[in-house]
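Per-entry structural report
Chain residues, written in single-letter form:
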There are 2 protein chains.
Amino acid sequence: MATFEDFSKLELKVGKILEVAVHPNADKLYVIKVDLGEKTTQLVAGIRNYYTPEELVGKSAVIVVNLEPKMLRGVESNGMLLAAHSEDKIVILTTDRQCLPGSFIK
Amino acid sequence: MATFEDFSKLELKVGKILEVAVHPNADKLYVIKVDLGEKTTQLVAGIRNYYTPEELVGKSAVIVVNLEPKMLRGVESNGMLLAAHSEDKIVILTTDRQCLPGSFIK
C-alpha cells in the first residue's frame, strides 16, 4: 500500500508533444520535446515500435516532471511519459478533453 | 525531485468505468465503480461538476490502485482517479487507444 504522501511526492503534468526524433543509439526509443506550459523539456520514451512521430506530435501526454534527470543511451531524459502496457502493445495516456499544457494532475 | 523508487511505490492501472452514482452526502462527488481486470473497485471522485454519469460510463480512466482506503463523507474510496486541473475545469485522464482494463501504467 502507498500513502497519499507517497503520491504527492510526484509531480504529474499535461505535456503537449512538440517534436519527436529517433534516438541516435537505440532503435526502440524516441527523443521527445514537450511543452509543459511555463517551460519545455526533453525526455526519452520507448514507444517507437507503437507510434510514428506524426501520430505523437500535437498530442497531450502525461508526464512525471520532477524525476531526477537520467541518461538513456547517451541522451538526457527529463521526465517520464506515462503509458499503459496492454498485452502486446503500449498506449500513451492522454487527457479526455483538451486542456492547457502544464496543467497539474492529481 | 522524486526518485524512480518513489514512482515505483505507486501502482497505476487502467480502469474501465462501470457505474457512476451521486454521492449521498456531497454534491461535488461521485461514487464510481471501476473494472480493474482481475477485480472491480469503488472510489469517490470530485468530478460531478464536470461530467455527467453518461459521459463517464464506458470510459477508460487512470487509477492509483494501491492507496490506503479512505472514507470520504461516509463512503469508502479505494483508489484515486487521476485528472488534470486546467484553469476552471477538471479533465480526466484516459488512454490514447483502447486497452484492457487492469493494464499496468508506467
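Residues numbered from 1 in each chain as written. Chains lettered and ligands numbered in written order. Predicted model: local features only at pLDDT ≥ 70, side-chain atom pairs only at ≥ 80, totals over all residues. Heavy atoms only, no water.

1. Some points on the side chain of Asp35(B)
Residues and elements named next belong to chain B. Tracing the chain through its elements places Asp-35 in strand 2 (residues 30-35). With no salt bridge to any partner, buried Asp-35 finds its closest opposite charge in Lys-16, at an N-O distance of 6.6 Å. Among the polar contacts made by the side chain of Asp-35, one reaches the main-chain amide nitrogen of Gly-37 at a distance of 2.8 Å. Beyond its immediate stretch of four places on either side in the chain, Asp-35 contacts Val-14, Gly-15, Lys-16, Leu-18, Thr-40, Pro-101 and Gly-102. (Helix = DSSP H or I, 4+ residues; strand = E, 2+ residues; numbered from the N terminus. Buried < 20%, exposed > 50% of the residue type's maximum accessible area, 1.4 Å probe, protein only. Lys, Arg positive; Asp, Glu negative; His and termini not counted. Salt bridge = Lys/Arg side-chain N within 4 Å of Asp/Glu carboxyl O. Polar contact = N/O pair within 3.5 Å; in protein donor to acceptor, adjacent residues only side chain to side chain. Contact = heavy atoms within 4.5 Å.)

2. Considering the relation of the copies chain A and chain B
Each copy of the chain is related to the other by a rotation around an axis and a translation along that axis. When chain A is fitted onto chain B, the two copies agree to an RMSD of 0.0 Å after a turn of 180° and an axial shift of 0.0 Å. In the structure described here, the two chain copies are related by an operation that fits a two-fold rotation axis. The position closest to the rotation axis in chain A is occupied by the C-alpha of Thr94(A), lying 2.8 Å away. When you check the interface residues of chain A against chain B, 100% turn up at the interface there too, and the contact is symmetric in its surfaces. (Least-squares fit on C-alpha atoms with pLDDT ≥ 70 in both.)

3. Focus: the pairing of strand 1 (residues 12-22) of chain B
All names here are of chain B. Two elements, strand 1 and strand 4 (residues 60-64), share five bridges in a ladder whose sense is antiparallel. Counterpart to Gly-15 in the pairing with strand 4 is Ala-61. In this structure, strand 1 lies alongside strand 10 (residues 104-105), joined through two bridges in antiparallel fashion. Paired with Leu-12 across the two strands is Ile-105, which belongs to strand 10. (Pairing = 2+ DSSP bridges.)

4. Considering unusual backbone geometry
Residue and element names in this part refer to chain B. The phi angle at Arg-73 is positive, at roughly 50°, despite the residue not being glycine. Along the chain, the position of Arg-73 falls in the loop between strand 5 (70-72) and strand 6 (75-77). Here the phi dihedral of Glu-87 falls at roughly 50°; this positive angle occurs in a residue that is not glycine. By the secondary structure assignment, Glu-87 is in the loop between strand 8 (83-86) and strand 9 (89-95). A residue is classified by how much of its surface remains accessible, and Glu-87, at 70% relative accessible area, is exposed.

5. Overview of the packing of aromatic side chains
Using the criterion set out here, one finds zero aromatic pairs over all chains in the structure. Over the ring of Phe4(A) we find Lys70(B), and its NZ or CZ is 4.1 Å from the ring centre. (Phe/Tyr/Trp six-rings, centres within 6.5 Å; stacked < 30°, edge-to-face > 60°. Lys NZ or Arg CZ within 6 Å of the ring centre and 35° of its normal.)

6. Structural notes on the pattern of salt bridges
All told, the structure shown has 12 salt bridges over all chains when counted by the stated rule. Of the charged contacts, one joins Arg97(B) and Glu55(A) as a salt bridge, the two residues approaching to 3.1 Å between their closest N and O atoms. One end of the pair, Arg97(B), is in the loop between strand 9 and strand 10; the other, Glu55(A), is in helix 2 (residues 53-56), on a second chain. Judged by relative accessible area, Glu55(A) falls into the partly exposed class, the value being 35%. In this structure, Glu19(B) engages Lys33(B) in a salt bridge whose closest nitrogen and oxygen atoms are separated by 3.9 Å. Here Glu19(B) is found in strand 1, whereas its partner Lys33(B) is found in strand 2, with 14 residues between them in sequence. What you see here is one network of salt bridges that share partners, running through Glu11(A), Lys13(A) and Glu38(A).

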